[in-house]
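Structural characterization, general
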Amino acid sequence: MSSTRRNLARLAFCAATAAVVLLLAVAGLRASLNLILAAVLGSAVGLSAAWWFLTHRGVQRWLAGVVVVLAPLTVTVFYAQQRLLWVVILFGALWAAAVAAGRRALAEPGDGPEEFETPAPRHPYLIMNPRSGGGKVGRFRLAERARELGARVHVIDEPNADVAELARQALRDGADLLGVAGGDGTQALVAGIAAEHGVPFLVISAGTRNHFALDLGLDREDPSTCLDALTDGVEVHIDLGRIGDRTFVNNASFGAYATVVQSPAYRDDKVGTTLDLLPETLAGQNGPQLELRVDGVTVTGPQAVLVSNNPYATADIAGLGHRPRLDQGALGVLAVTVRGTADAARLVGGRGRSRSVLIRTSTTAVVEAAAPEVPVGVDGESILMPTPVVCEIRPTALRVRVPRRRPGVPPMLPEMDWTRLRRLAWTSRR
């Protein structure tokens, strides 16, 4: 155990103790309980109103929106009237510091994926979408730089190009590496072909969000650095997700999100289309009712299901951030089932969250529906898939060539475990 981790654990306890002592010393026991009760009630009311806002239209929706705004303001005014607002702010800061230090102390040192020394490719073939990421291919001169490094480059100049056929033809012509500068959907398509033929794959972070590049530890600010892998690179072997006969590198989503993005109006008016379709979608009136089966557990009627290629960090179950590893040989599975305002309010408590939010890791997940096909968002692209939809993990299926020097993946910070943290802080052995 390192002294740094022990010191962080002790700092967490000191900050937490200071927060509690401050609250009791200034406010007293009764006032402290009132402050906590006000925070819990305000959060419950705000969550209930948010659910009402998403599931209704017209006047009811906007009245609920007003409550969403007023709930935290009311709690803040209550604290101010008690002349304890500064105490609450300082308490929150101390508690946040305690949690941050504690989670860092509990984080296990990670070695990251194993790197393999392999010869540089002799005939790399790169597919580049000049429209991805607002024109990053042109802005960073990616095609010109890649050609200078000896790569064959195909810049897509037609909107409906058959990228899969381009990749397969390149392999028939002798390509020993396939790469993509574009969005995650295109990355996944070509990655599946590279895995099928056992050739390495190169990711160039020229998309809009670049979630796959983030989880590989690549530089998302300057995609040209990804080209360093052509001359000074190593290989890492990572997992791929499989949904039906299609590969995904990030995730596949079912339910509310997949139904909304299926609408033709979504591309031109994302917010308006989402608000218009959510009431029926969340109520189960728009689209078939889903059933998720994973590890012997069945979830009936979830509003949303997310299946990811390796689990997301626990603080980012929505899939908006990063996965610390891509080689754990497991899918991350998240299902959300909220029946009404009461369930939404109970999300404040741990037991309520456990009833409404299912989180699992597994090698297989099956989504059923009382319909021949369901909309699915696969790496951000909306498609229809026949039911039942089977999602599987393909362990270490893809060889990815990455630059030897790269920013790296942010470490995963575990959830707080005060018992384990206490052992870490005050004993020499865990």
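An unreviewed UniProt entry annotates the protein as Diacylglycerol kinase family enzyme originating from Actinoplanes campanulatus.

What follows concerns the packing of aromatic side chains. Applying the stated criterion across every chain, the model contains six aromatic pairs. A centroid spacing of 6.1 Å and a plane angle of 50 degrees characterise the contact between phenylalanine 78 and tyrosine 79, whose relative ring orientation is tilted. Relative accessible area serves as the criterion here: at 8%, tyrosine 79 is assigned to the buried category. By the ring-pair criterion, three or more aromatic residues cluster together here, those being Phe13, Phe91, Trp95, Trp418 and Trp426. Above the face of the phenylalanine 53 ring, arginine 61 is positioned so that its terminal group lies 5.4 Å from the ring centre.

Right, let's get into the environment of valine 366. When you line up the elements, valine 366 lands in strand β14 (residues 364-369). Put simply, valine 366 and threonine 387 are 21 residues apart on the chain and 9.2 Å apart in space, counted from C-alpha to C-alpha. In contact with valine 366, not counting residues within four places along its chain, are Glu291, Leu292, Arg293, Pro388, Val389 and Val390.

On to the packing of helix α6 (residues 163-172) against helix α7 (residues 184-197), then. For the pair α6 and α7, interaxial distance at closest approach is 9 Å and the crossing angle is 30 degrees. For the element pair α6 / α7, the angle class is roughly parallel. As for the relative orientation of α6 and α7, their crossing is right-handed in sense. Contacts between α6 and α7 pair Val163, Ala164, Ala167, Arg168 and Leu171 from the former with Thr186, Leu189, Val190, Ile193, Glu196 and His197 from the latter. By residue class, the composition of the contact of α6 with α7 is seven nonpolar, two polar and two charged.

The sites that carry the UniProt feature "transmembrane region" (unreviewed entry) are, in the present numbering, residues 7-29, 35-54 and 61-79. The distance from the first to the last C-alpha atom of residues 35-54 is 29 Å, and the span holds 100% helix and 0% strand.

Looking at the secondary structure, you find threonine 186 in helix α7. Residue classification places threonine 186 among the buried positions, given a relative accessible area of 18%. If we skip the residues at most four places from it in the chain, threonine 186 touches Val163, Val180 and Glu381.

The next thing to look at is the domain arrangement of the protein. Examined at the domain level, the protein breaks down into domain 1 (3-110), domain 2 (117-231) and domain 3 (251-393). If you look at where domain 1 meets domain 3, you find zero salt bridges. With 10 residues, the top contributor of residues to the side of domain 1 that touches domain 3 is helix α1 (residues 3-55).

Moving on, we come to the nonpolar core. Among the nonpolar cores identified, the biggest contains 53 residues, and Leu126, Met128, Leu178, Phe201 and Leu398 are the most heavily contacted of them. For leucine 126, the residues in contact, after removing those within four places along its chain, are Ala146, Ala151, Arg152, Val153, His154, Leu177, Gly179, Leu202, Ile204, Leu227 and Leu230. Counting 25 residues, the second largest nonpolar core, distinct from the first, contains Ile243, Phe254, Leu358 and Cys391.

Attention now goes to the packing of α1 against helix α3 (residues 85-106). Following both chains from N to C, one finds α1 and α3 inclined at 155 degrees, their axes separated by 8 Å at the closest point. Put simply, α1 runs roughly antiparallel to α3. Considering only the axes of α1 and α3, their crossing is left-handed. Of the residues contributing to the contact of α1 with α3, the split by class is 24 nonpolar, one polar and two charged.

With that settled, the discussion passes to the pattern of salt bridges. Across all of its chains, the model carries 11 salt bridges by this definition. When the shortest N-O distance is used, the salt bridge between aspartate 232 and arginine 405 registers 3.2 Å. Of this pair, aspartate 232 sits in the loop between α8 (211-215) and β6 (233-243) while arginine 405 sits in the loop between β17 (389-403) and α13 (418-426), placing them 173 residues apart in sequence. Accessibility expressed as a relative area gives 26% for aspartate 232, which makes it partly exposed. Of the residues examined, arginine 405 reaches a relative accessible area of 66% and is grouped as exposed. Glutamate 235 is the partner of arginine 399 in a salt bridge, and the nearest nitrogen-oxygen pair spans 2.7 Å. In this pair, arginine 399 sits in strand β17 while glutamate 235 sits in strand β6, placing the two residues 164 residues apart along the sequence.

Glancing now at the environment of aspartate 327. Within the secondary structure, aspartate 327 sits in the loop between β11 (304-309) and β12 (331-336). For aspartate 327, a relative accessible area of 22% puts it in the partly exposed group. Sequence-wise, aspartate 327 and proline 395 are 68 residues apart; in three dimensions their C-alpha atoms are separated by 6.8 Å. There is a polar contact of 2.9 Å between the side chain of aspartate 327 and the side chain of arginine 325.

Basis of the calculations
- Residues numbered from 1 in each chain as written.
- Predicted model: local features only at pLDDT ≥ 70, side-chain atom pairs only at ≥ 80, totals over all residues.
- Heavy atoms only, no water.
- Phe/Tyr/Trp six-rings, centres within 6.5 Å; stacked < 30°, edge-to-face > 60°.
- Buried < 20%, exposed > 50% of the residue type's maximum accessible area, 1.4 Å probe, protein only.
- Lys NZ or Arg CZ within 6 Å of the ring centre and 35° of its normal.
- Helix = DSSP H or I, 4+ residues; strand = E, 2+ residues; numbered from the N terminus.
- Contact = heavy atoms within 4.5 Å.
- Axes fitted to C-alpha atoms, helices over the stretch in contact; angles between N-to-C directions.
- Parallel < 35°, antiparallel > 145°, perpendicular 65-115°, else oblique.
- Left-handed = near helix turned anticlockwise from the far one by under 90°.
- Nonpolar A, V, L, I, M, F, W, Y, C, P; charged D, E, K, R; others polar.
- UniProt positions renumbered as here; feature names shortened; annotations may be inferred.
- Domains from an automatic or database assignment.
- Salt bridge = Lys/Arg side-chain N within 4 Å of Asp/Glu carboxyl O.
- Core = buried A, V, L, I, M, F, W, Y, C linked by side-chain atoms within 4.5 Å.
- Polar contact = N/O pair within 3.5 Å; in protein donor to acceptor, adjacent residues only side chain to side chain.

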